[in-house]
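A structural walkthrough
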Amino acid sequence: MLTIYNSLTRQKQQFTPIEPGKVRMYVCGMTVYDLCHLGHARCFLGFDVVQRWLRASGYELTYVRNITDIDDKIIRRAQENGEPIAALTERMVAEMNADFGALGIERPDIEPRATDYVPQMLEIIGELETKGLAYQADDGDVNFAVRKFPGYGKLSGKSLDDLRAGERVAVDSSKRDPLDFVLWKAAKETEPADTKWASRWGKGRPGWHIECSAMSSAILGKTLDIHGGGPDLPFPHHENEIAQSEGAHNCTLANVWMHAGALRVDNEKMSKSLGNFFTIREALKQYDGEVIRFLVVRSHYRSQINYSPDLLADAKHALTRLYTALRDVPAADVTIDWNDAHAARFKAAMDDDFNTSEAVAVLFELAGEAQRGRDPKVAGLLKALAGVLGLLQRDPVAFLQGATSADGLSAEAIEQLIADRAAAKKAKNFAESDRIRDELKAAGVVLEDSAQGTTWRRA
């Protein structure tokens, strides 16, 4: 049986969907004002594996991952660029899809945008006000009254006293309580027209937290099987989602809460606010997208990864070992038999809270067996199981000989140098043969000689 670590209960629990055989999963997506960084890749690759395994396990999954396309950062960036908000967000969504596609992250079944769900947000805010959980402040904002929701803090484990002790309140705040958070932001004269929607509280725009409550309930219903997101979301975003949704709907928002681990740099979380981030686009200039994917997938989705260039180099080396096995032993077309010992161990690992680190260990065992026994069926099982994780589905030679090396050597140029080296060896000109090998090595090309001839790969 599948077990999942629930961030709410802080323990693993057997997963039982609300409706047998069907799963409703909502994951908080990107705020689209800039390029995605590797920390985002770490989160969304984790949930990509989750959705792949749920489908492989036979569940009928509806996977929703939203897009926040109205937000203070978006407004500020659009104004800096001198462009309409819609133009900025449309461009950034396209860039996100390009980066995620390069990493093999599959598109969700539904990808709602916040600006399409403002009426549903206003409906929830109205319900909260009717129940006394929301009020309009003197500055026009509509706020959630945190102390009137008894369960506040149950996800993050933060008590109201702890929150009050750590607060820093603006002198001119019009909130009734410093802990309250905004549901609807009153429009300011200085803000552009495309940031203002009509409401019974006057023109304005939604707060960030209310967006997901509206989109998830409108698409998937009031109670979700799984709600997921990044490591920084349990508080305040998901805590506030729980307060809004459960306060308005009088039912549990999500039965299972999942949070991906952080990607860290020098033991600090990678984030734009800290300025310690590397964009996916920058990483793709140096490494194949599947290498980046492998770096993340071989770690458990809840674990923290302390990023360094050496980690990517090691991931490339490890992935090369797996592709080399498939190059040396062409894979047979195999349907996974989950009773096979290797497949059963792979399944047990994935059913144990999506333990990809153990599942990847099974792949390396299969790669070793395939090469020792030269068995296409073993290679086929390796490829099939790896496919569940979104790995090893390309032509092995194409991967190993992939991108142009740093000095610009194309595959054709390399093949010519190998031919020249073979001619030099035949003529017993070993000095020239060694010179060509050294030239290729300096260009990041590894030669592998065997009785069948010479093969090559990028280092």
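It should be noted that the structure appears before, not after, this text.
Residues numbered from 1 in each chain as written. Predicted model: local features only at pLDDT ≥ 70, side-chain atom pairs only at ≥ 80, totals over all residues. Heavy atoms only, no water.

Things to note about the side chain of Thr89
- Within the secondary structure, Thr89 sits in helix H3 (residues 85-102).
- For Thr89, a relative accessible area of 3% corresponds to the buried category.
- Within the structure, the side chain of Thr89 is placed 3.2 Å from the backbone oxygen of Ala86, a separation counted as a polar contact. (Helix = DSSP H or I, 4+ residues; strand = E, 2+ residues; numbered from the N terminus. Buried < 20%, exposed > 50% of the residue type's maximum accessible area, 1.4 Å probe, protein only. Polar contact = N/O pair within 3.5 Å; in protein donor to acceptor, adjacent residues only side chain to side chain.)

Comments concerning the sheet that holds strand S9 (residues 224-229)
- Here four strands make up an open sheet; going across it, the order is S4-S3-S9-S10 and the pairing parallel. The sheet is open, and its two borders are formed by strand S4 (60-65) and strand S10 (254-259), each paired with just one other strand. Strand-to-strand twist of the sheet, defined as the mean angle between neighbouring strand axes without regard to direction, takes the value 20 degrees.
- In the sheet, strand S3 (residues 22-27) pairs with S4 via six bridges, with the strands oriented parallel. (Pairing = 2+ DSSP bridges. Axes fitted to C-alpha atoms, helices over the stretch in contact; angles between N-to-C directions.)

A closer look at the pairing of S9
- The buried fraction of S9 amounts to six of the six residues, a majority that puts the element mostly inside the structure.
- Direction of pairing for S3 relative to S9: parallel, over a ladder of three bridges. Of the residues in S9, the one forming a bridge with Tyr26 is His227.
- Across five bridges, S9 lies against S10 in parallel orientation. Residue Leu224 lies in a different strand from S10, and its bridge partner there is Ala254.

A look at the packing of helix H4 (residues 118-130) against helix H6 (residues 208-220)
- Where H4 meets H6, the closest approach of the two axes is 9 Å, and the angle between their N-to-C directions is 105 degrees. As far as their axial angle goes, H6 and H4 are roughly perpendicular. Two secondary-structure elements touch here, H4 through Gln120, Met121, Ile124 and Ile125 and H6 through Ile210, Glu211, Ser213, Ala214, Ser217 and Ala218.
- Split into classes, the residues belonging to the contact of H4 with H6 amount to six nonpolar, three polar and one charged. (Parallel < 35°, antiparallel > 145°, perpendicular 65-115°, else oblique. Contact = heavy atoms within 4.5 Å. Nonpolar A, V, L, I, M, F, W, Y, C, P; charged D, E, K, R; others polar.)

Some remarks on the pattern of salt bridges
- Summed over all chains, the structure comprises 32 salt bridges.
- Among the salt bridges present, the one from Lys12 reaches Asp352, with a minimum N-O distance of 2.7 Å. Here the residue Lys12 occupies a position in strand S2 (residues 11-14), and Asp352 occupies one in the loop between helix H11 (341-351) and helix H12 (356-373), the gap between them amounting to 340 residues.
- We classify Lys12 as partly exposed; its relative accessible area is 43%.
- Put simply, Asp48 and Arg293 hold a salt bridge, and the shortest N to O gap is 2.6 Å. (Salt bridge = Lys/Arg side-chain N within 4 Å of Asp/Glu carboxyl O.)

Everything listed is a geometric property; what it means functionally is a separate question.
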